[in-house]
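# Close look at the chain arrangement
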Amino acid sequence: MRVVLVGPPGAGKGTQAQFIASHLSIPKISTGDIFRANVSGGTELGKLAKEYMDRGDLVPDEVTVAMVRDRLSEDDAQEGFLLDGFPRNVPQAEVLKKMLAEFGISLDVVLNLVVDDDEVVRRLAGRRTCRSCGKVWHELFDPPAVAGVCDACGGELFQRDDDREETIRHRLEVYQEQTAPLISFYADEGILQGVDATGPVEEVTQRAMSALRRFAD
Ligand code: ADP
Ligand code: ADP
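The written sequence of each chain sets the order in which its residues are numbered from 1. Going through the entries in the order they are written, you letter the chains from A and number the ligands from 1. In view of the model being predicted, local features appear only for residues whose pLDDT reaches at least 70, and side-chain atom pairs are presented and counted only at 80 or more, with totals across whole chains, interfaces and linings using the full set of residues. Computation of side-chain values: all heavy atoms of the structure, hydrogens and water removed.

### Describing the UniProt feature "binding site: Zn(2+)" (unreviewed entry) in the chain
The cut-off we apply is this: UniProt positions are given in the numbering used here, feature names are shortened, and annotations may be inferred rather than shown by experiment. Secondary structure elements are taken from DSSP: a helix is a run of H or I of four residues or more, a strand is a run of E of two residues or more, and numbering for both begins at the N terminus. Three exposure classes are used, based on accessible area relative to the maximum for each residue type with a 1.4 Å probe and protein chains only: buried under 20%, partly exposed in between, and exposed over 50%. It only takes one pair of heavy atoms within 4.5 Å for two residues to be counted as in contact.
Taking the numbering used here, the UniProt-annotated feature "binding site: Zn(2+)" (unreviewed entry) corresponds to C130, C133, C150 and C153. A maximum C-alpha distance of 8.5 Å places the annotated residues, which cover 24 residues in sequence, within one compact spot. Mapped onto the fold, C133 is located in the loop between β5 (127–130) and β6 (136–138). Residue C133 is classed as partly exposed on the basis of its relative accessible area of 42%. Setting aside anything within four residues of it in sequence, one finds C133 in contact with C150, A152 and C153. One can find C153 in the loop between β6 and β7 (157–158). When its relative accessible area of 41% is taken as the criterion, C153 is described as partly exposed. Setting aside anything within four residues of it in sequence, one finds C153 in contact with C130, S132 and C133.

Structure, rendered in structure tokens:
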């Protein structure tokens, strides 16, 4: 299946993407993760992306689209993929549609994770990420056994620079202005499914999987 996850920052896209991708045996492709790996690796792409990410702005479309094009041409993405964090505006969605059409394929479904603003702020403010394995925790909703230490690998947990209060507010504005219009774009395409993303992680995964099954045949 070819699936896109949309939703405001902090909705739980990354958290759900890992479970959904593993249920469907398809790769999870997260543009945020790829950018962050480039920033830590000190690559040219990372240096360019960092200034936009630190401000909470979108990295320019041509850079992002070229990166996604490369990733989608890799072998593991030929039988399906789950995109997390891309597209992030209507122009990116239009390029993606054309890119897939060149290969004679199209998206099957777009899942929109729905949570209110207060919950998004609570989720982002408490998000902690492992410096070694990248696993995402929450200091209240999903805390590791020992504060500041990743249960999965023993790595050090840190707060993303863009998860500080000022930047969170700006990212929510960017979401409203640039990303939210994707909802009507994909509704018009007839492939949008809303998913209530409140409640425990496993329940959200179950809702997402039921929504996907409705599109599977
Ligand atoms: P979140 O998990 O909070 O939604 P992401 O990890 O997806 O955030 O993205 C972090 C940052 O990476 C964004 O604020 C933006 O600067 C950049 N980014 C990620 N995906 C895209 C994209 N599709 N287009 C432009 N910038 C992007
Ligand atoms: P996104 O990729 O949409 O920005 P994440 O998956 O990184 O969101 O989740 C943001 C934060 O919210 C993380 O700290 C994560 O542990 C937490 N979180 C994710 N899903 C839930 C949930 N259903 N209930 C409570 N907290 C959650």
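Structure's up, so let's keep going.
### Quick word on the UniProt feature "binding site: AMP" (unreviewed entry) in the chain
Under the UniProt annotation, "binding site: AMP" (unreviewed entry) lies at T31, R36, D57, L58, V59, G85, F86, P87, R88, Q92, R160 and R171. These residues run over 141 residues, and the two farthest C-alpha atoms among them are 24.8 Å apart, placing them at more than one spot. Locating Q92 in the fold gives a position in helix α5 (residues 90–102). Contact partners of Q92, with chain neighbours within four places excluded, come to D61, T64, V65, F86 and P87. Mapped onto the secondary structure, R171 falls in helix α7 (residues 165–179). Taking relative accessible area as the criterion, R171 reaches 9% and is therefore assigned buried. The residues contacting R171, other than those within four sequence positions of it, are P9, G56, L124, R127, R160, D162 and D163.

### Looking at the packing of α5 against helix α8 (residues 181–189)
Applied cut-off: Fitted lines through C-alpha atoms serve as axes, helices being fitted only where they are in contact, and the angles separating the N-to-C directions of these axes extend from 0 to 180 degrees. Each residue receives one of three labels: charged for Asp, Glu, Lys and Arg, nonpolar for Ala, Val, Leu, Ile, Met, Phe, Trp, Tyr, Cys and Pro, and polar for the others, Gly being one of them.
Closest axis-to-axis distance for the α5/α8 pair is 9 Å, and the angle between their directions is 35°. Residues V90, A93, E94, L96 and K97 of α5 form the contact with α8, whose own contacting residues are P181, L182, F185, Y186 and E189. Across the contact of α5 with α8, the residue classes tally to seven nonpolar, no polar and three charged.

### Topic: the nonpolar core
Selection rule: Throughout, nonpolar core names a set of buried Ala, Val, Leu, Ile, Met, Phe, Trp, Tyr and Cys residues whose side chains join them through atoms within 4.5 Å.
L5, I20, L82, L111, V195 and L212 are the most contacted members of the largest nonpolar core, which totals 23 residues. Within the residue set of this core, elements represented by two or more residues are β1 (2–6), α1 (13–24), β4 (109–114), α6 (117–125), α7 and α9 (201–216). Looking at which element gives the most residues to this core, the answer is α9, with five residues. Judged by nonpolar contacts, the second largest core, of 20 residues, contains V68, L100, L107 and V110.

### Remarks on the packing of α6 against α7
Definition in use: Note on terminology: angles under 35 degrees are roughly parallel, angles over 145 are roughly antiparallel, angles of 65 to 115 are roughly perpendicular, and the others are oblique. Working rule for handedness: look at the near helix, and if it is turned counterclockwise from the far one by less than a right angle, call the crossing left-handed; if clockwise, right-handed.
One can describe the packing of α6 onto α7 by two numbers: an axis separation of 11 Å at closest approach and a directional angle of 135°. Judged by the angle between their axes, α6 and α7 are oblique. In the packing of α6 onto α7, the handedness of the crossing is right-handed. Of the residues in α7, those touching α6 at V120, V121, L124 and A125 are I168, R171 and L172. For the contact of α6 with α7, the class distribution of residues is six nonpolar, no polar and one charged.

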